[in-house]
Amino acid sequence: MYLKRPAGGLAFCLFYLASSFTNKYVLSVLQFTYPTLFQGWQTLVGGLLLHISWKLGWVEINLCSRSEILSWLPASVLFVGIIYSGSRALSRLPIPVFLTVHNAAEVITCGFQKFVQKETSHLKVCSVLFLLAAAVCLPLCDSQFDPNGYLWALIHLICVGAYKIFHKLWKPGSLSDLDQQYINYVFSVVLLASASHPAGDLLSALDFPFLYFYRFHSSCCASGLLGFFLMLHTVKLKSSTTSGQYAAWSFLAKILHFMQDCLKISAHPTWKNCAAASQNPGLEREICVLDPSGLYWQELFVAPDG
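Residues numbered from 1 in each chain as written. Predicted model: local features only at pLDDT ≥ 70, side-chain atom pairs only at ≥ 80, totals over all residues. Heavy atoms only, no water.

### A short note on the packing of aromatic side chains
Summed over all chains, the structure comprises 17 aromatic pairs. Aromatic pair tryptophan 72 and tyrosine 163: ring centres 6.0 Å apart, planes at 80°, arrangement edge-to-face. Of this pair, tryptophan 72 sits in helix H3 (residues 66-90) while tyrosine 163 is found in helix H7 (residues 147-169), placing the two residues 91 residues apart along the sequence. Under the relative-accessibility criterion, tryptophan 72 is labelled buried at 0%. By relative accessible area, which is 17% here, tyrosine 163 ends up buried. Joined through ring pairs, the aromatic side chains of Phe32, Tyr34, Phe38, Phe208, Phe210, Phe213 and Phe216 make up one cluster. (Phe/Tyr/Trp six-rings, centres within 6.5 Å; stacked < 30°, edge-to-face > 60°. Helix = DSSP H or I, 4+ residues; strand = E, 2+ residues; numbered from the N terminus. Buried < 20%, exposed > 50% of the residue type's maximum accessible area, 1.4 Å probe, protein only.)

Have a look at this one:
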């Protein structure tokens, strides 16, 4: 029964919602759109906390085989692609739209199983086709269509699908899920830190208007911590439940996320305006501006440019 032991699943849903909400707040409301820095910070916090947990004996990590570590590096490259493109897409698209495109990654894995491994059932093919149809119809029905946002979402979809296929083909050997995540963290920190200056994020972030505000600092700290705890509870839930049970909890978390975002937009339309403000520079619009004291948000009407 899926809800026989709900504590682990409920904790997973809680951290899933909190982590996604915090990331969306930093990316869309504060508009900190420097993914090499933001994702580099998140993976740095996650890697440090995982390393400390390992040294304190709270988790078990075994990285004795160099050959297995090297064999996992292609997956780490895809992991960087997932978090980088996901950050770009999430900063431009509403959460329901992003999740719909993200879920369409199952099309890639299902196609691989259907045509290469000959393992997929007809029921799963039908469900995946519905996901594909939903993702294809989104740009056609989106009144605030953002081509760059959908492009990054498409790249994110491809990286997620390729990562899942690699995980299915890769011979796990002695590397556990935590071992794989530890390698992902270390590789991501090194690659994103190296790319931050060539990408222009390092210097551009110095002009970020909320750089010295406590809301930005606290949100970034919360995003790193919540991402780490989400990873831990995801690994724990996968190891303590069947694949079907994990899929059920994951589905519940996404449904709650959809409901949360819809309620948030209807109750606080300014959130949506903040996310879309930079996409409509020629229109009179209501945007959010942080008060100089950092204590509250003001709503200002900005006249059309020029």
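We are not done yet, so read on.
### Regarding the environment of phenylalanine 12
Summarising the element assignment, phenylalanine 12 is placed in helix H1 (residues 6-29). Contact partners of phenylalanine 12, with chain neighbours within four places excluded, come to Leu230, His233, Thr234, Leu237, Tyr246, Trp249, Ser250 and Ala253. (Contact = heavy atoms within 4.5 Å.)

### Thoughts on the packing of helix H4 (residues 95-103) against H7
Axis separation between H4 and H7 bottoms out at 8 Å; the angle between their running directions is 35°. In this structure, the crossing between H4 and H7 has a hand that is right-handed. Judged by residue contacts, Val97, Phe98, Val101 and His102 of H4 engage Tyr150, Ala153, Leu154, His156, Leu157 and Val160 from H7. For the contact of H4 with H7, the class distribution of residues is eight nonpolar, two polar and no charged. (Axes fitted to C-alpha atoms, helices over the stretch in contact; angles between N-to-C directions. Left-handed = near helix turned anticlockwise from the far one by under 90°. Nonpolar A, V, L, I, M, F, W, Y, C, P; charged D, E, K, R; others polar.)

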